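Next come the chains, spelled out residue by residue.
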Amino acid sequence: MLTGKQIREKYLRFFESKQHLILPSASLIPENDPSLLLIGAGMAPFKAFFTGKMQPPSPRIVTCQKCIRTGDIENVGRTARHHTFFEMLGNFSFGDYFKKEAITWAWEFVTDPQWLGIPAEKMWVTVHPTDDEAFEIWHKVVGLPTERIVKLEDNFWEIGQGPCGPDSEMFVDLGAERGCGSPTCGVGCDCDRYLEIWNLVFTQFNKEEDGSYTPLAKKNIDTGAGLERITSVLQNKRSNFETDLIFPIIEYAQNLATVKYGDAEKSDVSLKVIADHARSMTVMIGDGVLPSNEGRGYVLRRILRRAVRHGKLIGIKELFLGGAVQTVFNIFQDVYPEIEE
């Protein structure tokens, strides 16, 4: 069984073999980008490369990017895959390759036994209804049956101003036992059966301040694969929180609490919130964010307070966040050395 660390490393090495330059994760504090409070996607540090304002060090880049998103903070711990901190695997092309390479390489990495080895018959994809090119590549080049290529209107990726375009998402069918049992259950259903693991964005436009779309002089590729999600599939866990990327923090917290993981849904939520928030606060402080009353410092303060509150809810009496941070460091020490510094 592959560890989360091995999956991260395999991804970087696979794309290095496809002539991509491996870059370390950028800081969570955006550089020269006032439109973002914190980095929340693998492509965010590369906006200037996508728009052509700056020259990238290589036309092909691969990263594992630290990301913070708090829009779904109330869902953290209540679902299998909502987080405030997550790691986004991404391969990027700046005016170099386009849809055919992005799609065929993603398929190779996911299904080839040398890499992840997820059975091809478990894989489904979605495309934008107008993206005939992507549909044809999935069907005729990759060989995916047309009934496993789903056209969805919301397959268009954008995050505020900047580069955007149609996208194609890859899903793993986790089996009927993980589904809702509805006869209409399929890709896009809210249940846990079909898990999205990778989004391939075909960046063709720039979204302007007035909301209009301008075609980019050079077409780009921006992909994002969730490390925690892929790890949950390969480790056969029902939740991201049960993978080796997160569960050691839950084990640490339950050893101080009056509850154990699996005792009750309510206490499980608290244990998962503590694990998630410990990861977030560790990487945020590691990148120089400190608690304050405004901006990203307030995001951190809110996360700290929520973690402490959930510790009290499960009977932790002593100060415990220091030990939680140490546990996060033990998991990440080889990957993000800035945490130790």
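The structure this text deals with has already been given above.
Described below are features of the structure shown in this document. (Residues numbered from 1 in each chain as written. Predicted model: local features only at pLDDT ≥ 70, side-chain atom pairs only at ≥ 80, totals over all residues. Heavy atoms only, no water.)

Looking at helix H4 (residues 132–142), one finds that the buried residues are Ala134, Phe135, Ile137, Trp138 and Val142. What you see down the axis of H4 is that its buried residues fit within an arc of 165°, all on one side. Looking at the buried residues of H4, the elements they touch are helix H3 (99–111), strand E4 (123–127), strand E5 (149–151), strand E7 (162–173) and strand E8 (194–207). Just downstream of H4 lies Gly143, where phi reads positive at about 95°. (Buried < 20%, exposed > 50% of the residue type's maximum accessible area, 1.4 Å probe, protein only. Helix = DSSP H or I, 4+ residues; strand = E, 2+ residues; numbered from the N terminus. Arc of directions from axis to C-beta. Contact = heavy atoms within 4.5 Å.)

Let's shift gears to the packing of helix H6 (residues 247–256) against helix H9 (residues 321–332). At a minimum axis separation of 9 Å, H6 and H9 run at an interaxial angle of 155°. Between H6 and H9, the angle is such that the two are roughly antiparallel. Between H6 and H9 lies a crossing whose hand is right-handed. For the pair H6 and H9, contact is made by Pro248, Ile249 and Tyr252 and by Gly323, Ala324, Thr327, Val328 and Ile331, respectively. Residues belonging to the contact of H6 with H9 are distributed by class as follows: six nonpolar, two polar and no charged. (Axes fitted to C-alpha atoms, helices over the stretch in contact; angles between N-to-C directions. Parallel < 35°, antiparallel > 145°, perpendicular 65-115°, else oblique. Left-handed = near helix turned anticlockwise from the far one by under 90°. Nonpolar A, V, L, I, M, F, W, Y, C, P; charged D, E, K, R; others polar.)

Attention shifts here to the packing of H6 against helix H7 (residues 265–286). Look at H6 against H7: their axes get within 9 Å of each other, and the N-to-C directions meet at 120°. Comparing their axes, H7 and H6 come out oblique. Along this stretch, H6 crosses H7, giving a crossing that reads as right-handed. Contacts between H6 and H7 involve Ile249, Ile250, Ala253 and Gln254 from the first element and Leu271, Lys272, Ile274, Ala275, Ala278 and Arg279 from the second.

Per the stated rule, a full pass over the model turns up 25 aromatic pairs. On the basis of an interplanar angle of 55° and a centroid distance of 5.0 Å, the ring pair of Tyr11 and Phe15 is categorised as tilted. Residue Tyr11 and its partner Phe15 are located together in helix H1 (residues 4–16), separated by four residues, close to a single helical turn. Phe15 carries the same exposure label as Tyr11, and that label is buried. Both rings, one in Phe109 and one in Trp115, keep their centres 6.2 Å apart while their planes meet at 40°; by these two values the pair is tilted. With respect to burial, Phe109 and Trp115 carry one shared label: buried. (Phe/Tyr/Trp six-rings, centres within 6.5 Å; stacked < 30°, edge-to-face > 60°.)

One can find Asp222 in strand E9 (residues 213–226). C-alpha separation for the pair Asp222 and Gly165, spaced 57 residues apart in sequence, amounts to 9.7 Å. Beyond its immediate chain neighbours, meaning those up to four positions away, Asp222 contacts Met43, Phe50, Asn91, Phe92, Trp157, Asn199, Leu200, Val201 and Thr203.

The next subject is the pattern of salt bridges. If the charged atoms of two oppositely charged side chains come close together, the side chains can form a pair. Under the defined criterion, the tally for this structure stands at 18 salt bridges. Note that Arg13 and Glu16 form a salt bridge whose closest N and O atoms lie 2.8 Å from each other. Here Arg13 pairs with Glu16, and both are found in helix H1, just three residues apart, close to one helical turn. Look at Arg13 and you get partly exposed, because its relative accessible area is 40%. Linking Lys99 and Asp131 is a salt bridge whose minimum nitrogen-to-oxygen distance equals 2.8 Å. Note that Lys99 is positioned in helix H3 and Asp131 in the loop between E4 and H4, a separation of 32 residues in sequence. Asp131 carries the same exposure label as Lys99, and that label is buried. Several salt bridges share partner residues, and in doing so they unite Glu9, Arg13 and Glu16 into one network. (Salt bridge = Lys/Arg side-chain N within 4 Å of Asp/Glu carboxyl O.)

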